[in-house]
Amino acid sequence: MGLLSTIFGILCGFLNSIFSLFAFGIGTSIGLVIGYYAFINALPTDVEDVKVSPLVEENLETLQRLIPEIPLWVKNPDFDRVDWLNKFIENMWPYLDRAICATAKNIAKPIIDEQTPQYKIQSVEFETFTLGTIPPTFQGMKVYTTDDKELIMEPSIKWAGNPNIIIAVTAYGLKATIQVLDLQVFGIPRITLKPLVGIFPCFASIFVSLMNKPHVDFGLKLLGVDLMAIPGLYRFVQELIKDQVANMYLWPQALEVQIMDPEQALKRPLGILDVTVVKAVKLQRKDLLGKSDPYVKLNLREEKVALKKTTVKRSNLNPEWNEEFSFVIKDPATQVLELRVYDWDQVGTHEEMGLNVVPLKDLTPDEPKVLTLVLLKTLNPNDPQNDKPRGQLVIELVYKPFKEDEMLDDIDDSGMKEKAPEGTPAGGGLLVIIVHEAQDLEGKYHTNPHVRLLFKGEERKTKRIKKNRDPRWNEEFQFRLEEPPTNDRLHVEVYSTSSRIGLLHSKESLGHVSINLVDVVHNRRVNEKYQLIDSRNGRVQIELQWRT
């Protein structure tokens, strides 16, 4: 009897739970339906259509508050829109950050060193210097053109960045750290590039001035304490910085960053130096299992022009080159020709075998001179390592000064070289590539060479010459360009193709080389033999001309 009562009680409890859940579900559903209809009926039925009117007619105060945020290119037609520049800076900012910080340190160091003694400060060091991850934005840019050789830009800059600059100051034996963060800078600087020259990057110096006092806001912590929270100090520091910056860089005063020596950049070419690398004798043995693979590099010291080099002579301690090179000379009284002999290695760096220099002031104009240079370890006359014999280098030099009627204006040697045809874009020119010949070509399966040129996505080919290891093409190719190819390279590939159908190796590479074109822009003509990469002894002779 007690068991039946227990079972009956459990059954009743279970049914009660089921009915409770059922009642809750019905009640919730009915409540949601009633609430929805009540909400719909409570909405107003006399809603009017939205009236759209110009902002000027409705609220002038709101418009005036928005005007400072409107980009200058919208308000002022003299300012150009520069969204492309903002995108460029956004992508370049991690690298610009490091470059700007390094330049700022170099500029600040002499100023700090000059000011610290009068304040009894022992040292000032940058512990941390980064401009953060947020780049500045340009609201617009105004560009001026003048009759002088200069370019003037006035960008409107707004920068609310997250820099982290920590400076450690030591004075009276105590060290304190100052942290600059949360920087905001709004201003319109004037950036002047001058003088404009015909050598990359095409300007000698950058001048930066401020056209008005900039808005500068930042946080400043000393020993972890926020100094800007001190009443009255914030405005005092802000105005002090504005005044100091304005006194130093407010127009017409300017900050100058020199890119190259202006006097050297503006010098006109005075002549041509022809150099013939004849031979070397008694060079040192550098290879463990052989002799040496020497070649020579030539360049004008302290000149930003591409160096020149001879071909590589394999396993030879007495190589003969008889290769010619030309240099444009601007100051024969100070310029120096430097020659370095290297041992070519297929893997790793090429080992220097010796060097020497020839001051151009020692040359008599228009008089060929044969020199036998003793190769040295260094140019220090007191270096005992120079007593060790390293071999000799024989060269022939002749300096040919221009006559008055041949004098070049900057790098313009149009009087000596052919001009570009009519219709060539202003500032551009005609790149002429002449494929003369090749030597010592060797294919594993066949040697039927032709040359393939790749430049700016275009492809040109010479004719194929059958069964010839020393082919001669003498074919000319032309590319009309909008601007000088100072940053471009010409890729030259020598291929061998078989005429037999179905041959397994129908096409074979005989070597390749990549040529930097900045040299032909400066010298107007380059005619050299280039050692082919991935070729045992193969060379190709390419003549390059730049006509304007």
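Residues numbered from 1 in each chain as written. Predicted model: local features only at pLDDT ≥ 70, side-chain atom pairs only at ≥ 80, totals over all residues. Heavy atoms only, no water.

**Observations regarding the overall build of the protein chain**
Right, on to step 1. The secondary structure content of the protein chain amounts to 8 helices and 26 strands.
Right, on to step 2. By the burial criterion, 38% of the 548 residues in the protein chain qualify as buried.
Right, on to step 3. Carbon and sulfur atoms provide 56% of the accessible area of the protein chain, an area that totals close to 33400 Å². (Helix = DSSP H or I, 4+ residues; strand = E, 2+ residues; numbered from the N terminus. Buried < 20%, exposed > 50% of the residue type's maximum accessible area, 1.4 Å probe, protein only. Areas by Shrake-Rupley, 256 points an atom, 1.4 Å probe, with all protein chains shown as cover.)

**Details of unusual backbone geometry**
Right, on to step 1. The residue asparagine 474 is not glycine, and still its phi comes out positive at about 55 degrees.
Right, on to step 2. Residue position: asparagine 474 is located in strand β22 (residues 472–481).
Right, on to step 3. Phi at aspartate 534 is positive, roughly 65 degrees, even though this residue is not glycine.
Right, on to step 4. Looking at where aspartate 534 falls in the secondary structure, it is placed in the loop between β25 (525–531) and β26 (539–547).

**Here we look at the confidence of the model for the protein chain**
Right, on to step 1. Considering every residue of the protein chain, the mean pLDDT works out to 77; 75% of them sit at 70 or more.
Right, on to step 2. Long-range and interchain partners of residues 1–8, a stretch whose pLDDT sits below 50, account for 0 contacts in this model, where long-range means more than four residues apart.
Right, on to step 3. Within the model, the stretch residues 405–417 combines pLDDT values under 50 with 27 contacts to residues more than four positions away or in other chains. (pLDDT = per-residue confidence, 0-100. Contact = heavy atoms within 4.5 Å.)

**As for the pattern of salt bridges**
Right, on to step 1. Taken as a whole, this structure holds 16 salt bridges when the rule is applied.
Right, on to step 2. Where glutamate 458 meets arginine 460, a salt bridge forms, and the shortest distance between an N and an O atom there is 3.1 Å.
Right, on to step 3. Among the ionic pairs, glutamate 543 bridges to arginine 525, the shortest N-O distance being 3.1 Å. Of this pair, glutamate 543 sits in strand β26 while arginine 525 sits in strand β25, placing them 18 residues apart in sequence.
Right, on to step 4. Given the relative accessible area of 7%, glutamate 543 is considered buried.
Right, on to step 5. By relative accessible area, arginine 525 is classed as partly exposed at 36%.
Right, on to step 6. Counted as one network, the salt bridges with shared partners bring together Glu338, Arg340 and Glu352. (Salt bridge = Lys/Arg side-chain N within 4 Å of Asp/Glu carboxyl O.)

**Brief notes about the sheet that holds strand β18 (residues 392–401)**
Whether parallel or antiparallel, the strands of a sheet pair through hydrogen bonds between backbone atoms.
Right, on to step 1. What the 4 strands build is an open sheet, ordered β14-β11-β18-β17; its pairing is antiparallel. The strands lining the two open edges of the sheet, one partner per strand, are β14 (320–329) and β17 (369–374). Shown here is a sheet whose adjacent strand axes are inclined to one another by a mean of 25 degrees, direction ignored.
Right, on to step 2. Summarising the sheet, strand β11 (residues 271–281) and β18 pair through 10 bridges and their orientation is antiparallel. By the bridge assignment for β18, glycine 271 is matched with proline 401. (Pairing = 2+ DSSP bridges. Axes fitted to C-alpha atoms, helices over the stretch in contact; angles between N-to-C directions.)

**Remarks on the packing of aromatic side chains**
Right, on to step 1. In the structure shown here, the tally under the stated rule is 4 aromatic pairs.
Right, on to step 2. Pairing phenylalanine 126 with phenylalanine 129 gives two aromatic rings, centres 5.2 Å apart and planes at 35 degrees, and the pair type is tilted.
Right, on to step 3. Ring centres of tyrosine 295 and tyrosine 342 lie 5.8 Å apart, and the angle between their planes is 20 degrees; this geometry places the pair in the stacked category. Of this pair, tyrosine 295 sits in strand β12 (residues 294–300) while tyrosine 342 sits in strand β15 (residues 336–343), and the two are 47 residues apart along the sequence.
Right, on to step 4. Here the basic side chain of lysine 194 rests over the ring of phenylalanine 207, its NZ or CZ set 5.0 Å away from the ring centre.
Right, on to step 5. Lysine 308 extends its terminal NZ or CZ atom over the ring of phenylalanine 327, reaching a point 5.1 Å from the ring centre. (Phe/Tyr/Trp six-rings, centres within 6.5 Å; stacked < 30°, edge-to-face > 60°. Lys NZ or Arg CZ within 6 Å of the ring centre and 35° of its normal.)

**Observations regarding a nonpolar patch on the surface**
Right, on to step 1. On the surface, Trp84, Phe88, Met92 and Tyr95 cluster together into a nonpolar patch covering about 470 Å² of accessible area.
Right, on to step 2. Positionally, tryptophan 84 belongs in helix α5 (residues 83–115).
Right, on to step 3. Looking at tryptophan 84, the relative accessible area reads 59%, which means it is exposed. (Patch = residues over 30% accessible without salt bridge, like charges linked within 9 Å, V, L, I, M, F, W, Y side chains within 5 Å.)

**With respect to the sheet that holds strand β13 (residues 308–309)**
Right, on to step 1. The strand order β13-β12-β15-β16 describes an open sheet built from 4 strands, whose pairing is antiparallel. Bordering the open sheet on either side are β13 and β16 (351–359), each of which pairs with just one other strand.
Right, on to step 2. Here β12 runs beside β13; their pairing, made up of 2 bridges, is antiparallel. Within β13, the residue paired with leucine 298 across the bridge is lysine 308.

**Points about the pairing of strand β4 (residues 164–171)**
Right, on to step 1. The element β4 is extensively covered by neighbouring structure, given that 6 of its 8 residues are classed as buried.
Right, on to step 2. Taken together, β4 and the strand that follows it, strand β5 (residues 174–187), pair antiparallel across an intervening segment of 2 residues, in which tyrosine 172 is found at a positive phi of about 55 degrees.

**Let's talk about the layout of surface pockets**
Right, on to step 1. Each pocket or cavity is described by its volume, and for the second largest pocket that value is around 800 Å³.
Right, on to step 2. Lining the second largest pocket are 31 residues, with Lys309, Val513, Ser514, Gln531 and Ile533 positioned closest to its centre.
Right, on to step 3. Those elements that provide at least two residues to the lining of the second largest pocket are β13, β24 (507–516), α8 (518–523) and β25.
Right, on to step 4. Take the lining of the second largest pocket: its biggest share by element is 5 residues, from β25.
Right, on to step 5. Structurally, the lining of the second largest pocket is a two-domain feature, drawing no fewer than three residues from each of domain 2 (267–405) and domain 3 (429–547). (1 Å grid on protein atoms, 1.4 Å probe; cavity = no way out; pocket = protein on both sides within 12 Å on 5 of 7 lines; lining within 4 Å. Points joined across faces, edges and corners; volume = space filled by probe spheres on them. Domains from an automatic or database assignment.)

**Observations regarding α5**
The α-helix advances 3.6 residues per turn, and as a result positions three or four apart in sequence lie on the same side.
Right, on to step 1. Between the first and last C-alpha of α5 there are merely 41 Å, a value that for 33 residues lags more than 12% behind the 48 Å anticipated at 1.5 Å per step.
Right, on to step 2. Most pronounced at tryptophan 93, the bend in α5 amounts to some 70 degrees, and the proline proline 94 follows within four residues.
Right, on to step 3. If you follow the buried residues of α5, they end up packed against β1 (121–130), β2 (137–144) and β3 (151–160). (Expected span 1.5 Å × (residues − 1). Bend = angle between axes of the 7 residues up to and from the residue.)

**Section: the environment of glutamine 179**
Right, on to step 1. Mapping glutamine 179 onto the fold places it in strand β5.
Right, on to step 2. C-alpha of glutamine 179 to C-alpha of leucine 223: the two residues are 44 residues apart in sequence and 8.3 Å apart in space.
Right, on to step 3. Polar side-chain contacts of glutamine 179 include one of 2.8 Å to the side chain of asparagine 164. (Polar contact = N/O pair within 3.5 Å; in protein donor to acceptor, adjacent residues only side chain to side chain.)

**Description of the side chain of glutamine 531**
Right, on to step 1. Position of glutamine 531 relative to the elements: it lies in strand β25.
Right, on to step 2. Residue classification places glutamine 531 among the buried residues on the basis of a relative accessible area of 15%.
Right, on to step 3. A distance of 3.5 Å separates a polar atom in the side chain of glutamine 531 from the backbone nitrogen of valine 312.
Right, on to step 4. Residues in contact with glutamine 531, not counting those within four places in the same chain, are Thr311, Val312, Arg314, Val513, Arg536, Asn537, Gly538 and Arg539.

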